[in-house]
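Here is how the chains run, residue by residue.
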Amino acid sequence: MDLTYNDDQQDLADSVRGFVAREWPIARVRDVQTHATGFDDELWKKVIALGWSAVAVPEEHGGLGGGLVEQLVVLEELGRGAVDSPLRTTIAYGAFGLLRGHNDSARARHLPAVAAGEAIVTAAVLESDGRAVWPVVTTDETAHSADHARLHATKTLVPYAASADHFVVTTRLIGIGDAVLLIPADRAGIRMRRQTVPVGEPRYRVDFDDVEVRREDVLAAGDAARELFTTCAELDTILTAAYTVGLCHSALALTVEHANSRVQFGRPLGAFQAVAHRCADMHTEINATRLMVFEAAWLLDQGFDARLASAAAKAHVDQTVALVSAHSHQILGAMGFSTEHDLHLFTRRAKAYEQSGGGLDRHLHRVADLLGL
Amino acid sequence: MDLTYNDDQQDLADSVRGFVAREWPIARVRDVQTHATGFDDELWKKVIALGWSAVAVPEEHGGLGGGLVEQLVVLEELGRGAVDSPLRTTIAYGAFGLLRGHNDSARARHLPAVAAGEAIVTAAVLESDGRAVWPVVTTDETAHSADHARLHATKTLVPYAASADHFVVTTRLIGIGDAVLLIPADRAGIRMRRQTVPVGEPRYRVDFDDVEVRREDVLAAGDAARELFTTCAELDTILTAAYTVGLCHSALALTVEHANSRVQFGRPLGAFQAVAHRCADMHTEINATRLMVFEAAWLLDQGFDARLASAAAKAHVDQTVALVSAHSHQILGAMGFSTEHDLHLFTRRAKAYEQSGGGLDRHLHRVADLLGL
Amino acid sequence: MDFAFSETEKTFREELSTFLDQEVAEWWRHLFHAEERTIPTSRELAAKLAERGWLTMSWPPEYGGSGADAWMQVVLREEMWSRGEPRGPQYMNVNYIGPLIMHYGTEEQRERFLTPISQGRVIWCQGFSEPDAGSDLAALSTRARRTADGRYVITGQKIWTSYADAPAQWCFLLARTNVDVRPHQGLSLFLVDMAAPGVTVRPIESLIGTGEINEVFFDEVEVPADCRLGAEDDGWEMLRTGLALERIGVPWYADADRFLERLVAYTRETMVDGRPLSEDPRTRTRLAELYVRCRAARLVTYRAVSLQEKGSATALESASAWMLGGLTQQLAGQVGHETVGALSVLHADDPDAPMDGWAQFQQLLAIPTTIAAGAIDIQRNIIAQQGLGLPRSN
Amino acid sequence: MDFAFSETEKTFREELSTFLDQEVAEWWRHLFHAEERTIPTSRELAAKLAERGWLTMSWPPEYGGSGADAWMQVVLREEMWSRGEPRGPQYMNVNYIGPLIMHYGTEEQRERFLTPISQGRVIWCQGFSEPDAGSDLAALSTRARRTADGRYVITGQKIWTSYADAPAQWCFLLARTNVDVRPHQGLSLFLVDMAAPGVTVRPIESLIGTGEINEVFFDEVEVPADCRLGAEDDGWEMLRTGLALERIGVPWYADADRFLERLVAYTRETMVDGRPLSEDPRTRTRLAELYVRCRAARLVTYRAVSLQEKGSATALESASAWMLGGLTQQLAGQVGHETVGALSVLHADDPDAPMDGWAQFQQLLAIPTTIAAGAIDIQRNIIAQQGLGLPRSN
């Protein structure tokens, strides 16, 4: 048992933190949001050159053969800098979709490029109601065969759609049933619109309008599809949670900085217990969340059952985000309401993830299920 | 609109408060708990001599013809002194059970004595699982007719059973269906055992073992029985909530006293924001609860629909009790853990009511129902 | 105790409600919703309210009111806030700027300033906060020097000044006139013409968009002697009264109530796994919690108004009312976020945003509600010290 | 990072667990459960643990231990607390009284005091709190005057002294030796024989019953020079270390975990409206919340131990661990109350009490957990000041 980084993990964390400080100051975070696609090719090239998209991919598939724990080290540090990138979906849905999917040829063909970050993968999984992942079956479907199905779907909040090379799509196809597909972005019939989201990853509504589906696109079908999606979604949850922990660390750091420098009633704000104790609670909860997230990743790395740990971690991170967001804005006051201050860049990103993959209640029920309730 | 007492209400509050200070100091509260029956006949005689059991009963039935609001004024002040008595059940189930029940002869025969407090009524409604109020029908029942049914029931947490003249019992009788009964305490076959409850009203397990039920005992049957029970329970909830508000006021007062007198780190405890703010929150929530409870009573007095107000008031009082109990004990520290201090006399009484009649969740769902959800 | 509005008040509510249903534009969301149409639209509505005598109805007739009591005023505020305060910035005029001028102003000042307010023709902004004086207003450093001939020359900077860019014609300004006394004793209130030379407004970009919130710079701005309100160095005392009024004046609960109503409708029409979201237990209890908190905040406000009507109000009650209102608004933001789920990140401009992006907006609105009018910690201090007699903690 | 116990640790846990399942009496609820059988039973068990070398396993062999590392100690603590700490009061001996004697004591003191502890033969009580010194220990007034021949004479009163009436043979006492320096600099630690003339114990009746909690009066009690621990006036510094150890030493989460397990079973076997209570959505999510909090508290404790093992622990981590543990325990009390419902008012003695009155007991247990070992506010101060670098707030 050792809940501290080993030397390699510490080196990795230091190097990512150094990279963020050097290459990705907060001014650049603000800039990128205004880009047409919200994506910075230059950054991405640097990130993948460092191998950060491949940390947890086995060496035989072109990865670094590290663990998810190491991958989380990267994500947490990127979160501290609010450095958005298609990393989480490329890893969770791309690399692990291929790794854990049941399509050997797709794995052989795509995984090396995906692991290397040369092919960006995004997740087109959320149905347009923002809740379901699997469509309600419609009776009115186009003709199909097992080899050539046609995809009709509208997916929402798809990150980095305009920059993606592949979409991982959850759908239901007649004759195949539930399916997880890996659709190349250049396939005919894909239309997209960037959605208006105040901060954070660029999000898109993506319409798959009578898009051809080939047998080679199917990563998994039937029960295996549901299982594969669950695996990828769980990974995504953990990666996102680590990123969120990083965001929360920075929100707290900005708050502490403010509490130390802002003088009211002749004392720094932080000398008021009501302020200091909010900071103490944020600190404690962020650290607890962090350990829970790392534990879930470690269990997965070891091949243990991580379902309970993952669900508990997601429930905890949701509570932490709500707490950190409320407390930090309370302490920053009007200053935090101004976009000139950086706080909202962290809190709003974190809030956006709070409800992704289902919020607190959903994960508490998952915990309850796993407790045998 | 006027959310302050009128002169009469203020006079009534003052007089009850004076009575409590004079006749019922906290030492006596401690004493009474150790009595065999937990009931003080001397107190009860004084309380009923002042007409406090009859405040809200119409004059034609021997009451004072006041409103529930006035009745709540009495209960809140008694709560401030932790003066337990069979008042709430005698009023909610006794007086109002007879008033709103469908049995004219029982009303004529019993109501005057009940209103005058000469006959004490308690509620034997909770089934032995502590949750249900209506029994699961058993197939194995004794012979019966509409005139002569036999009651087999075990009821739990019955307050003041040993001092009661009548039991209001919820049951299900073959041929009659659901029924609310008013059973004289001297009827053969009633056995009781005082339960071990640390503080507060004495509670009993009461077994009705093949007790004769006469037609004249039936206050309501069938749907009307369910309706009558709901009415009485709602009244009980409001009376109990007012009493609880009184308890909470005193818990806060003891806490503030401690915070003002106890010096730590060279300052009174109350000079620490963490302590002061807890007190401020308790104060605000207690007052909010109080207004919600009075509003529900006022709506009932006016004949308006009070269901939403009552459910919301109960939900609020449960939250307030949890808050006041946690915060006051936190501030009192070890002192509040000692029974020598009075705090626990108030907080434990309040906690005991928190789950009575169903806790927070049940009432939130009731609110949701009434909101059309 | 009496928990009902009178027949007169009910009739007025109906009349007002009918009027507002017709007059308030479909797109109107909230006065804090920065967009170009907001201010002109609210100006128009305020003028129409004035025509009907509803803008300043609680004022005495000589200043354009009809002497309505506090409860008529409560009805008015609730109807306004349950529609996102379509009076726009002018709610401040009515809530406390006008009343303070009425109470402390000279006869000349009353005539000069109250009539335009009662006609809905003027926008005021409030010049209190400074970069180094937020909750601690006594620390403000904007300086008003008196000249030999009795005028004042004002220099300093205000920040978080809402509607200065509306543009506001006047600023209700707190400035330091005396540095030789204890900090809160040397402050005075001024009625400053925003068109005066030396006044510069710089909009601050905020979470609700650009505009509405500003920095205001005063560079040697000349203010005539007759634009000082009340006695010199008396500003703090006057303002304390005014801020207590403002705390009762903003029925956040009415806004949260409206949002709750909208959420109830949304959950009923939203199907999740083939069943209406309104059947989901968590959603049900969260909306119920919001309802309970709204009702509590409403009653605590009514209690504050009752005491005000009886002349026995203290800062305590308005602090409680304000605190509960703010917390209710904050809860509304969180409950909306949870209820709408992942799509609540979508801004109102996005066609896919559920409830026209209302949940997104309400989350942002939740942020300033526990900050504005003195941070919530200050309210707790007031309650602890003035209400419970606990010692000062600072 | 490594989130698993080693094979050795797992084997030890199994062995210990088997032993405890046999040895801990069915009726044993908790060391804080005042009843006559509690102390004798715990004495017996402690002796058996000592026989097996498990009582002070982390101590060096010369003092009756086997030099086990901190993780073995964690396993031991968890197994103990998940069974209501059957070592009884002796958990304090092992957690911090023994270690402090080992670290600061003379060779003679170590030999004299550590062996009885390692054999499970002795009960210590801690004499810190006083009527006017709770969280603020530096304010204590119990006075230790040094006589000409180097002895000390102690006079004063301690309060909330657990197990003094067990009876405890020794008291780990903090007393003032110097009044001419800053308050926390004039304190010394003494190892006081409770049988010495002038020591009086008065049990305090508490919410858990009579006994276990006491007042202890010292009236001119003579203490030999060799019963002072460490240097004179150094007591505060030594104690800070000791209290940090105590904070890690009590795994409240293990107790809450055990209670949660019991609650899960209870909800599965309890039918409400014809369905198991475990299907009720609110019950499910409340129990899940408790699980999540237990897991969080556990990991934060493991992190503190990890840092301790690496020699880089600070007061911050143990404060966080203690705080989360205490809050978890508090939540357990509330969740138990809600889950069991109205019948949770019944005391364990009542035959109708569900879960043998456990829910009732757990509610009471929740009260001292956020009070003991320095109130929770003190822990938050430590985190804010030592962890985050915020200024002192007092």
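Just so you know, these numbers come straight off a predicted model, no measurement behind them.

What am I meant to see in the overall build of chain C here?
Counting its regular elements, chain C contains 11 helices and 10 strands. By the compact-globule yardstick of 21 Å for 394 residues, chain C fits well, its C-alpha radius of gyration being 21 Å. Summarising its shape, the C-alpha atoms of chain C cover approximately 80 × 50 × 45 Å along the three principal directions. The proportion of buried residues among the 394 residues of chain C is 62%. Across chain C, every contact between residues at least 6 apart in sequence was considered, and the portion connecting residues at least 24 apart equals 72%. Of the roughly 14100 Å² that chain C leaves accessible, carbon and sulfur atoms contribute 48%. For chain C, the distance from the average position of its 38 positive side-chain charges to the average position of its 55 negative side-chain charges is 4 Å.

For this particular structure, what's the right way to read the interface of chain D and chain A?
Reports often express the size of an interface as the amount of accessible area lost when the parts come together. Of the residues lining the interface, 43 residues belong to chain D; the matching set on chain A comes to 48 residues. Three residues, Met1, Phe3 and Arg284 of chain D, lead the burial of chain D against chain A; their summed loss comes to 20% of the area buried on that side. Counting the contacts that link chain D with chain A gives 5 salt bridges. At the junction of chain D with chain A, the criterion picks out 21 residue pairs in polar contact (both at pLDDT 80 or more). Elements with a minimum of two residues in the side of chain D that touches chain A: α7 (252-269), α8 (281-309), α9 (315-340) and α11 (376-387) of chain D. At 17 residues, α8 of chain D tops the list of elements feeding residues into the side of chain D that touches chain A. Looking at the side of chain D that touches chain A, its residues break down into 24 nonpolar, 8 polar and 11 charged.

Is there a simple way to think about the sheet that holds strand β3 (residues 166-173) of chain A in this case?
Pairing between the strands of a sheet comes from backbone hydrogen bonds, and it takes one of two forms, parallel or antiparallel. Residue and element names in this part refer to chain A. Reading across from one edge, β1-β3-β4-β7 is the order of the 4 strands in this open sheet, with mixed pairing throughout. Of all the strands in the sheet, just β1 (121-124) and β7 (218-221) have a single pairing partner and so form its edges. Averaged over all pairs of adjacent strands, the angle between their axes in this sheet comes to 20°, without regard to strand direction. Strand direction decides the pairing type here: β1 and β3, joined by 4 bridges, are parallel. Bridging from a neighbouring strand, Ala124 pairs with Val169 of β3. Sheet contacts for helix α7 (residues 223-261): β3, β4 (177-184) and β7; angle to β7, the most-contacted strand, approximately 115°.

Please clarify how the pattern of salt bridges should be interpreted in this entry.
Side chains bearing opposite charge may pair, as long as their charged atoms lie close to each other. All chains considered together, the criterion is met by 122 salt bridges over all chains. Across the salt bridge formed by Arg290 of chain B and Glu76 of chain B, the nearest N and O atoms sit 3.0 Å from each other. In this pair, Arg290 of chain B sits in helix α8 (residues 273-301) while Glu76 of chain B sits in helix α4 (residues 68-80), placing the two residues 214 residues apart along the sequence. Assigned by exposure class, Arg290 of chain B and Glu76 of chain B land together as buried. With its nearest N and O atoms 3.8 Å apart, the salt bridge here joins Arg203 of chain B to Glu201 of chain B. A single salt-bridge network, built from bridges that share partners, covers Arg13, Asp21, Glu78, Glu79, Arg83, Asp257 and Arg298 of chain C.

So what exactly am I meant to see when it comes to the domain arrangement of chain A here?
Residues and elements named next belong to chain A. Taken domain by domain, chain A holds domain 1 (7-115), domain 2 (121-221) and domain 3 (225-371). A straight line from the C-alpha centre of domain 2 to that of domain 3 covers 30 Å. Counting residues at the interface gives 16 residues for domain 2, matched by 9 residues for domain 3. Carbon and sulfur atoms supply 66% of the area that domain 2 and domain 3 bury against each other, a total of about 1100 Å² over both sides. Linking domain 2 with domain 3 are 1 salt bridge, by the criterion used here. Here domain 2 and domain 3 share 3 residue pairs in polar contact (both at pLDDT 80 or more) between them. Of all the secondary-structure elements, those providing two or more residues to the side of domain 2 that touches domain 3 are β3, β4 and β7.

Please clarify how the pairing of strand β6 (residues 203-214) of chain B should be interpreted in this entry.
Residues and elements named next belong to chain B. For strand β2 (residues 148-159) and β6, the ladder comprises 10 bridges, and the chain directions are antiparallel. Note that in β6 the partner of His152 across the bridge is Asp209. The pairing of strand β5 (residues 190-194) with β6 spans 5 bridges and is antiparallel. Counted as the bridge partner of Arg191 is Asp207 from β6.

Just checking my understanding: could you explain the domain arrangement of chain C for this structure?
Residue and element names in this part refer to chain C. Here chain C is partitioned into domain 1 (7-122), domain 2 (125-234) and domain 3 (251-387). Inter-centroid distance (C-alpha atoms) of domain 1 to domain 2 is 24 Å. If you look at the interface, domain 1 gives 22 residues, while domain 2 gives 20 residues. Together domain 1 and domain 2 conceal approximately 1700 Å² of surface at their shared face, both sides included; 62% is due to carbon and sulfur atoms. A salt bridge links Asp226 to Arg112, with the shortest nitrogen-to-oxygen separation between them at 4.0 Å.

Is there a simple way to explain the packing of helix α12 (residues 360-370) of chain B against helix α8 (residues 281-309) of chain C in this structure?
Helix packing for two helices is described by the angle between their axes and how far apart those axes are. Axis separation between α12 of chain B and α8 of chain C bottoms out at 8 Å; the angle between their running directions is 85°. With respect to α8 of chain C, the axis of α12 of chain B lies roughly perpendicular. Contacts between α12 of chain B and α8 of chain C pair Asp361, Leu364, His365, Val367, Ala368 and Asp369 of chain B from the former with Pro281, Arg284, Thr285, Ala288, Glu289, Tyr291 and Val292 of chain C from the latter. Its residues assigned to classes, the contact of α12 of chain B with α8 of chain C comprises 7 nonpolar, 2 polar and 4 charged.

Is there a simple way to explain a negative patch on the surface in this structure?
On the surface, Asp7, Asp8, Asp11 and Asp14 of chain A cluster together to form a negatively charged patch. Mapped onto the elements, Asp8 of chain A comes out in helix α1 (residues 7-23).

Help me understand the sheet that holds strand β2 (residues 148-159) of chain A in this model?
Residue and element names in this part refer to chain A. Sheet architecture is open: 3 strands sit in the order β2-β6-β5, paired in antiparallel fashion. Across the chains shown, the open sheet's two edge strands, defined by having one partner strand only, are β2 and β5 (190-194). Ignoring which end each strand starts from, the neighbouring axes of this sheet average 5° apart.

Thresholds applied
Residues numbered from 1 in each chain as written. Chains lettered and ligands numbered in written order. Predicted model: local features only at pLDDT ≥ 70, side-chain atom pairs only at ≥ 80, totals over all residues. Heavy atoms only, no water. Helix = DSSP H or I, 4+ residues; strand = E, 2+ residues; numbered from the N terminus. Rg over C-alpha atoms; globule rule 2.2 N^0.38 Å. Buried < 20%, exposed > 50% of the residue type's maximum accessible area, 1.4 Å probe, protein only. Contact = heavy atoms within 4.5 Å. Areas by Shrake-Rupley, 256 points an atom, 1.4 Å probe, with all protein chains shown as cover. Lys, Arg positive; Asp, Glu negative; His and termini not counted. Charge placed at Lys NZ, Arg CZ, Asp CG, Glu CD. Buried area = accessible area lost by both parts, 1.4 Å probe. Salt bridge = Lys/Arg side-chain N within 4 Å of Asp/Glu carboxyl O. Polar contact = N/O pair within 3.5 Å; in protein donor to acceptor, adjacent residues only side chain to side chain. Nonpolar A, V, L, I, M, F, W, Y, C, P; charged D, E, K, R; others polar. Pairing = 2+ DSSP bridges. Axes fitted to C-alpha atoms, helices over the stretch in contact; angles between N-to-C directions. Domains from an automatic or database assignment. Parallel < 35°, antiparallel > 145°, perpendicular 65-115°, else oblique. Patch = residues over 30% accessible without salt bridge, like charges linked within 9 Å, V, L, I, M, F, W, Y side chains within 5 Å.

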